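# Examining the three-dimensional arrangement
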Amino acid sequence: MVRGDGTVDDDGVGGGHPGAHTGASDIRLTEMLRADTPAAYAALQELRARHGPSVLAYARRCTTSDSGARQLAAQAFTHAARETARGTDPGGPLRHQLLLLTVRVAATWAADGRAGGLDAGLHLVLSSSGPDGPVPSMLAAFRTLPYRAQGLLWYGIVEQEPTDRTATLLGLTRQDVAYDIRPALQSLGQACLRARLAASDDPRCADFRRLIEESVRPDGPRDSADLHTHMAHCGHCTAAYEELCALRDEPRATLAEGLLPWAGTAYTAPAPAPAPAGPSAGTGTALGTWPVSRRLVLASTALGVAVVPLLLLLWSPDDTPAEHTSNSVPTVAAPPPVTVTATPSPPPTASATWSPSPSPSKTSRTGKPSPSAPPHPT
């Protein structure tokens with residue numbers, strides 16, 4: 001429950017138990033938190049159910065253990081509840097604000113000797129930034145947009161929430177979400193372009209604003225040689241051009257990297273699939289868990305063991321000298337049927353026992369030697 005100072009009794013990341021306020025918007029729930037009424041706890045539970053899993057997943061990117069991630073996410077919820085109780089309005093999507101608070105809490109950990117629980121890369125970034133952590137590159141331009149446009153960009157593009165879910169979080173209709181996301185993205189691009197050009201000391205940069213907008217249009221972009229000549233020595237216009245191209249081509253990854261101070265791409269990446277559980281019975285290793293190369297070796301060995309005796313039985317002495325066969329496989333005796341076919345036929349005087357008028361095909365089947373070829377020695 002939220003106390004008078006804004007602190008939370010539980011861990012604040014367990015997902016909560018949604019109740020009667022599942023259809024209320026985030027703005028309505030935060031207003032209920034400001035009122036010191038019994039409905040404040042139900043509003044907090046609903047907010048935890050909506051945003052707790054995402055905040056915990058981001059906290060895991062910032063820490064080295066699951067316990068540290070839960071503690072970091074719980075403190076972020078506590079800070080958000082305290083600021084809400086004081087009447088502070090973040091002015092943006094609540095989940096995005098919770099993620100920003102997560103990095104701010106991590107910055108306090110790095111300052112008071114608890115940096116061992118933070119990710120090494122995040123600690124390095126925090127050590128070279130201000131007291132509140134690094135500032136995302138698009139955050140200033142993003143905050144110039146209305147709350148509605150910010151929510152559509154964050155929930156609709158970055159989080160990829162379903163249309164109904166986005167409409168519930170923002171208090172909009174399905175039609176608003178379906179038709180207003182693209183204009184919101186264009187508005188952010190124009191805000192980023194204005195911010196980039198305003199930071200330049202070159203007065204000519206403002207004259208290239210229209211050319212930059214035309215060169216990054218999604219349908220029929222118009223290239224300009226003068227713009228490329230100017231960008232060759234102007235870093236501000238180059239950054240603005242590249243930023244708008246990234247928003248056009250990869251809006252989700254670009255927004256995540258530009259609006260989160262740490263691990264934006266990792267936050268939007270799909271969670272890794274769990275490794276399949278191995279067999280528990282037996283003391284040996286199952287064949288299915290062995291590497292592919294080892295399984296191929298086993299299969300080749302088994303095939304060789306089965307084929308070698310078959311080759312020895314079917315080896316014909318007509319193709320290999322008898323003495324070579326006896327030397328290579330001294331312990332294997334040829335079967336009687338193979339011996340009969342390999343033994344030369346009797347002398348011509350014994351041909352009377354055969355058919356009176358043998359045909360050439362019968363003679364070849366009896367194994368009678370050809371007059372031009374002497375029989376092989378036995």
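Here is what the cut-offs are and how they apply
Residues numbered from 1 in each chain as written. Predicted model: local features only at pLDDT ≥ 70, side-chain atom pairs only at ≥ 80, totals over all residues. Heavy atoms only, no water. 1 Å grid on protein atoms, 1.4 Å probe; cavity = no way out; pocket = protein on both sides within 12 Å on 5 of 7 lines; lining within 4 Å. Points joined across faces, edges and corners; volume = space filled by probe spheres on them. Helix = DSSP H or I, 4+ residues; strand = E, 2+ residues; numbered from the N terminus. Nonpolar A, V, L, I, M, F, W, Y, C, P; charged D, E, K, R; others polar. Phe/Tyr/Trp six-rings, centres within 6.5 Å; stacked < 30°, edge-to-face > 60°. Buried < 20%, exposed > 50% of the residue type's maximum accessible area, 1.4 Å probe, protein only. Core = buried A, V, L, I, M, F, W, Y, C linked by side-chain atoms within 4.5 Å. Contact = heavy atoms within 4.5 Å.

### Brief notes about the layout of surface pockets
- A volume near 550 Å³ is recorded for the second largest pocket.
- Lining the second largest pocket are 29 residues, and of these Glu83, Pro90, Gly91, Gln97 and Arg143 lie nearest its centre.
- Broken down by secondary-structure element, the contributors of at least two residues to the lining of the second largest pocket are α1 (26–34), α3 (66–85), α4 (94–111) and α6 (139–143).
- Top element by residues in the lining of the second largest pocket is α4. It accounts for seven residues.
- Taken together, the residues that form the lining of the second largest pocket break down as 14 nonpolar, seven polar and eight charged.

### Comments concerning empty space enclosed by the protein
- Considering all chains together, one arrives at one cavity of 30 Å³ or more under this definition.
- Volume-wise, the largest cavity comes out at about 100 Å³.
- As for the largest cavity, its lining consists of Thr30, Leu33, Leu44, Leu47, His51, Phe77, Ala80, Ala81, Thr84, Leu94 and Leu98.
- Those elements that provide at least two residues to the lining of the largest cavity are α1, α2 (39–62), α3 and α4.
- Broken down by element, the residue count for the lining of the largest cavity peaks at four residues, all from α3.
- Of the residues belonging to the lining of the largest cavity, the class tally is eight nonpolar, three polar and no charged.

### What to know about the environment of arginine 28
- Mapped onto the secondary structure, arginine 28 falls in helix α1.
- For arginine 28 and leucine 170, which are 142 residues apart along the polypeptide, the C-alpha to C-alpha distance reads 9.5 Å.

### Focus: the packing of aromatic side chains
- In this structure the tally under the stated criterion is two aromatic pairs.
- Pairing tyrosine 58 with tyrosine 267 gives two aromatic rings, centres 5.6 Å apart and planes at 90 degrees, and the pair type is edge-to-face. Remark: tyrosine 267 occurs in helix α14 (residues 264–268) and tyrosine 58 occurs in helix α2; sequence separation between them is 209 residues.
- In this structure tyrosine 58 comes out as buried when scored by relative accessible area, which is 0%.
- Accessibility expressed as a relative area gives 13% for tyrosine 267, which makes it buried.

### Some details on the nonpolar core
- Counting residues in hydrophobic clusters, the biggest one holds 74 residues, and the most contacted among them are Tyr58, Leu153, Trp154, Leu188 and Leu255.
- When sequence neighbours within four positions are dropped, the list of residues in contact with tryptophan 154 reads Pro93, Arg95, His96, Leu99, Glu159, Leu259, Leu260 and Tyr267.

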